[in-house]
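# Residue-level structure breakdown
For reference, the chains in residue letters:
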Amino acid sequence: MSNSRALILAHFWLGFIGFGAALLLGAWQMFARSPMHAWLGDPELYYRSVTAHGTTMAYVLPTLVAMGFGYFIVGSALQQPLAGRHWAWAGFALVLIGTITAVVPVALGRASVLYTFYPPMIGNAFYYIGVVLVVVGSWIWVALMAVNLRLWKRQNPGAPVPLAMFAITAGALLWGWTSVGAALELLFQILPAALGLTSTINAGLARVFFSWTLHAIVYFWLIPAYTAYYTIIPRAIGGRLFSDQMGRLSFVMFLVVSMPIGIHHVFEDPQVGAGFKFLHSVFTALVTLPTFLTVFTISASVAIAARLRGGTGMFRWLGALPWRNPLMLAVAFSFIMLGFGGAGGLINMSYQLNTTIHNTQWVTGHFHLIFGGAIVIMYFAIAYDVWPHLTGRALDSFGLMRAQLWTWFIGMIVTTFPWHYVGILGMPRRMAFYDYTDPQIAPEAPFVDLSVVGALILVVSGILFLTVLVRGQFAPRVAPAAYRFSVALHAPRSLPAALNGLGLWLALMIGLTVVNYGFPIVHLIAARGGAVPAVIIGAIR
Amino acid sequence: MSGGSPARRDRWTPASATVLAALVIVAAAAGFVWLPLIQPGAAVTGVWNAICTAAGLIYAAPANQPVIQPSYPVTQVELAPGLLGGASAESIGRGATLALRCTMCHGARGLSPADTPNLAGEYPIAIYKELRDFQSGARPSAVMQPLVAGLSDQDMRDLAAYYAYLPRLPPYHPVSAGAPPEIVLSGAPMRNIAPCGACHGELAHKAAAPWLEGEPESYLAGQLRAFATGTRHNDIEEQMQNVARQMTPAEIQAAAAYYANRE
């Protein structure tokens, strides 16, 4: 890791600075469309902010955390210097340049199309070019993870690949393939329209391409968090990982069944047949399996830690857990949010139940609870755990860390639970203005106010998080011991090739993509009459 | 690559591929055949038809079905981004000559106190579309229809270019518009009314929507009432009719007064 500390820190810092800025925008959005604030008068301001918030939180933050954490794992789990470090810096530079390229037109109000693009709306070409640069930068990371794993395998023939590397590489390959959908949409549909080469766009096809990316991107966000569950948490709380193989099984299942299921995002779209919607619904349901395996394995690992600390009984062992340890708090909060968010997700993926909440605030509440809650709280945990190893300085503001995690958890619950509820009442999403004086929606007003309170708590938590990290940069120098990942109860000595490599699962993932997406895409390309006029955003005033 | 024997390695590949294929087959059988067939009132006529329908194939409308047409002519103008962009000086000049016949009502330079629309500086697409609609009868007008009857398509493009070229001048109305009424600023989301500025400038501009500032109050209110009663119906996909039908008479008057007094 010695050759890549600055590289990893650069990734984390850029991601977290972006996170801080986007968090403020998010809180402002909650406030601006709440009953506490008079109508903005210009919805474009709201959508401009939503675009910047979404682009930063969905593309920039998780990509940089996954990249930085991946490089960290190469150094500390494979214990080899990162091969291709110059390429890694080039990838980082692309992400940085891409972020700036995308944010400038957004800030100028020339690309208020939201991070999911929503064709036929077409924004300034530089916005899309910026997003493409971020993705291309991350593809360099995907390649580097595969190359470094291959180098290690060559030097350690037959040895089990460390679980952390196995997991993060599965995430990298998942991202490599799932980002292809949005890349096709951007390169062949949106950019030609944004550059003025075409004046129409097949919006239905574009939405299907984006759905290819849109669901598995969630699992790309999630895999660093799951990697931390398996490979950091048991060690950090003084336990053992219950099963290394269960982890591998979970990650390969994510690789196969999390990818070709995105059509559940377009359940209400008429251009996709009901049969394919059902097929995607079934495979979305299967994604619960690796999550259940993970919840079981990590709960068992936590129980081992409790019993090693003298915990006994059916439930009394919970009291023996190291609750003052920030990582213990993080995983507990993450699991609670994962439980509620996952239960909501089951409703989203059900073809029939989805109709009740489709395009309502329920959906926004759902992905904030899962991503902003369960996953991002683990990003905090990862940062707290690896920071001293990156900076060579102590990170010991434990009280602040606990306060930060508590406020993030409480803030996220207070924000998202009312958000879900107003969604059930029928409050639509992606609207800049709600007339709360209308008796039909007046009952929603107090719950929207409550969400704003949650958002303010989250801002406090975000400030605490950055404070902890900044203090870590200026703390006294220390020499941390070599970084360790969790040790499994039964450390694998030999593994079947299928659980020690990803080739088989990669092939199944691509095969299932062809089955689940092949016909709808070919059909929409071949069908005539799908093109609609492009709507240029921010063109003439 | 691993400690496993080749025989052990083989078991994973066929087993995982088989499980996945079985899942696909069972799910597809349910989604493409079973569910479409048991759906009450489903229009499918057999297994193959069920599969094609579930796959999302688009069928042509059944033959011999009567197609319901509106009883009045609708606009035939196709709007595309860049339509009428970059008018030449010749086009503007020809437009200026042609516009001599418009001066009686619309003023010598596109501005007039005659309670007719002020055209100076108007978006060219808006002018071109209305001229085409007057000519086709999509927008009936006893005054305008005879005047545009003899114009060629190029004539109308030239007229649009000329009026778009003229500078917008401050309106004749000395009164300040004051704060915008609620219906202009926010629309009414629960009645599906967007803020006026979402199409007519200020917030955003949508093709063929004119700017409204300084237009005569009686003209604006009259057009809104015409949209509301359906006597004017050349709006694209009835956008303005849907808005105007939902507006109260007081809101129509307030919106017209606001825009008429706004520079």
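In this text, all values refer to a predicted model and were calculated from it rather than measured experimentally. (Residues numbered from 1 in each chain as written. Chains lettered and ligands numbered in written order. Predicted model: local features only at pLDDT ≥ 70, side-chain atom pairs only at ≥ 80, totals over all residues.)

### What about the overall build of chain B?
Check the secondary structure of chain B and you find eleven helices and two strands. Along the chain direction, N to C, the helices and strands of chain B fall in the order α-α-α-α-α-α-α-α-β-β-α-α-α. For 263 residues, the compact-globule estimate of 2.2 N^0.38 gives 18 Å, and the C-alpha radius of gyration of chain B, at 29 Å, exceeds that figure by more than 25%. C-alpha extents for chain B along the principal axes are approximately 95 × 55 × 45 Å. The proportion of buried residues among the 263 residues of chain B is 32%. (Helix = DSSP H or I, 4+ residues; strand = E, 2+ residues; numbered from the N terminus. Rg over C-alpha atoms; globule rule 2.2 N^0.38 Å. Buried ≥ 20, exposed ≤ 12 C-beta atoms within 10 Å, placed from the backbone.)

### Some details on the overall build of chain A
Counting secondary structure elements, chain A contains 16 helices and four strands. Whereas a compact globule of 541 residues would reach a radius of gyration of roughly 24 Å, chain A reaches 23 Å, a difference of no more than 12%. Projecting the C-alpha coordinates of chain A onto the three principal axes gives extents of approximately 65 × 50 × 45 Å. Of all 541 residues assigned to chain A, the portion counted as buried reaches 55%. Considering only residue pairs separated by 6 or more positions, chain A has 86% of its internal contacts joining residues 24 or more positions apart. (Contact = placed C-beta atoms within 7 Å.)

### Some details on the domain arrangement of chain B
Residues and elements named next belong to chain B. Entries for chain B in the domain assignment read domain 1 (20–59), domain 2 (88–169) and domain 3 (175–263). Relative to domain 3, the C-alpha centre of domain 2 lies at a distance of 21 Å. Each side of the interface is counted separately: domain 2 has twelve residues, and domain 3 has twelve residues. Grouping the constituent residues of the side of domain 2 that touches domain 3 by class yields five nonpolar, two polar and five charged. (Domains from an automatic or database assignment. Nonpolar A, V, L, I, M, F, W, Y, C, P; charged D, E, K, R; others polar.)

### With respect to helix H9 (residues 217–229) of chain B
Residue and element names in this part refer to chain B. Between its terminal C-alpha atoms H9 stretches 18 Å, which fits the 18 Å expected from 13 residues at 1.5 Å a residue. Within H9, the full set of buried residues consists of Leu220, Leu224, Phe227 and Ala228. All buried residues of H9 fall inside an arc of 100° around its axis, so they share one side. Opposite its buried face, H9 presents the exposed residues Ser218 and Thr229, each directed more than 90 degrees away. A positive backbone phi angle near 85° is found at Gly230, which sits one or two residues after H9. (Expected span 1.5 Å × (residues − 1). Arc of directions from axis to C-beta.)

### Things to note about the environment of Cys196 of chain B
Residue and element names in this part refer to chain B. Positionally, Cys196 belongs in the loop between helix H8 (182–185) and strand E1 (200–201). Overall, Cys196 belongs to the buried group, with 23 C-beta atoms counted inside 10 Å. Separated by 16 residues in sequence, Cys196 and Leu212 have C-alpha atoms that sit 9.5 Å apart. Residues within four places of Cys196 in sequence aside, it is in contact with Val184 and Ala255.

### Description of the packing of helix H13 (residues 361–391) of chain A against helix H15 (residues 445–474) of chain A
All names here are of chain A. Two elements in contact, H13 and H15, have axes whose closest approach is 10 Å; the angle formed by their N-to-C orientations is 10°. As the angle between them shows, H13 and H15 are arranged roughly parallel. Where H13 approaches H15, its residues Phe380, Ala383, Trp387 and Thr391 are matched on the opposing element by Phe465, Leu469, Gly472 and Gln473. Partitioning the contact of H13 with H15 into residue classes produces five nonpolar, three polar and no charged. (Axes fitted to C-alpha atoms, helices over the stretch in contact; angles between N-to-C directions. Parallel < 35°, antiparallel > 145°, perpendicular 65-115°, else oblique.)

### Notes on the interface of chain A and chain B
The partner chain B presents 34 residues to the 43 residues of chain A that form the contact. Elements with a contribution of two residues or more to the side of chain A that touches chain B: helix H2 (43–76), helix H9 (274–286) and helix H16 (503–526) of chain A. The element that contributes the greatest number of residues to the side of chain A that touches chain B is H16 of chain A, accounting for seven residues. Among the residues forming the side of chain A that touches chain B, the class breakdown is 26 nonpolar, eleven polar and six charged.

### What about helix H5 (residues 163–194) of chain A?
All names here are of chain A. Here H5 contains 32 residues, and its C-alpha end-to-end distance of 43 Å stays within 8% of the 46 Å for a straight helix at 1.5 Å per residue. Largest kink in H5: about 40°, centred on Leu186. Counting buried positions over the 32 residues of H5 gives 23, a clear majority of the element. At the C-terminal side of H5, Gly196 shows a positive phi close to 85°. (Bend = angle between axes of the 7 residues up to and from the residue.)

### Some remarks on the environment of Pro66 of chain B
Note on placement: Pro66 of chain B falls in the loop between helix H2 (47–54) and helix H3 (89–98). Note: C-alpha distance between Pro66 of chain B and Ala226 of chain B (160 residues apart in sequence) is 30 Å.

### Some details on the confidence of the model for chain A
When the pLDDT values of chain A are averaged, the result is 95; 99% of them are 70 or greater. Within chain A, the element-level pLDDT minimum falls on strand E4 (residues 535–536) of chain A, averaging 84, and the maximum on helix H14 (residues 398–424) of chain A, averaging 98. (pLDDT = per-residue confidence, 0-100.)

### Quick look at the nonpolar core
If you look at the biggest cluster of nonpolar residues, it comprises 181 residues, and the most contacted ones within it are Ala170, Leu255 and Ile377 of chain A. If one sorts the elements of this core by residue count, helix H6 (residues 203–231) of chain A sits on top with 21 residues. (Core = buried A, V, L, I, M, F, W, Y, C linked by C-beta atoms within 7 Å.)

### Quick word on the confidence of the model for chain B
Residues and elements named next belong to chain B. This prediction gives chain B a mean pLDDT of 88; 92% of its residues lie at or above 70. Note that pLDDT drops below 50 for residues 1–7; the model gives that stretch 19 contacts with residues more than four away or on any other chain. Our summary of model confidence lists the complex with pTM equal to 0.91 and ipTM equal to 0.90.

### Comments concerning the packing of H2 of chain A against H6 of chain A
Residues and elements named next belong to chain A. Here H2 crosses H6 at 40°, and the two axes come no closer than 10 Å. The angle between H2 and H6 falls in the class oblique. In the packing of H2 onto H6, the handedness of the crossing is left-handed. Touching Pro62, Val65, Ala66 and Phe69 of H2 are Phe220, Trp221 and Pro224, all from H6. (Left-handed = near helix turned anticlockwise from the far one by under 90°.)

### Focus: the environment of Val148 of chain B
All names here are of chain B. Residue position: Val148 is located in helix H6 (residues 144–148). Sequence separation between Val148 and Gln135 is 13 residues; the distance between their C-alpha atoms is 5.8 Å. Residues contacting Val148, with those up to four places away along its chain left out, are Leu131, Phe134 and Gln135.

### A word on unusual backbone geometry
All names here are of chain A. Here the residue pair Pro119 and Pro120 is connected by a cis peptide bond, since its omega of 15° sits within 30 degrees of zero. Within the fold, Pro120 resides in the loop between helix H3 (85–107) and strand E1 (121–122). The phi dihedral of Leu114 falls on the positive side, at around 65°, and the residue is not glycine. Here Leu114 lies in the loop between H3 and E1.

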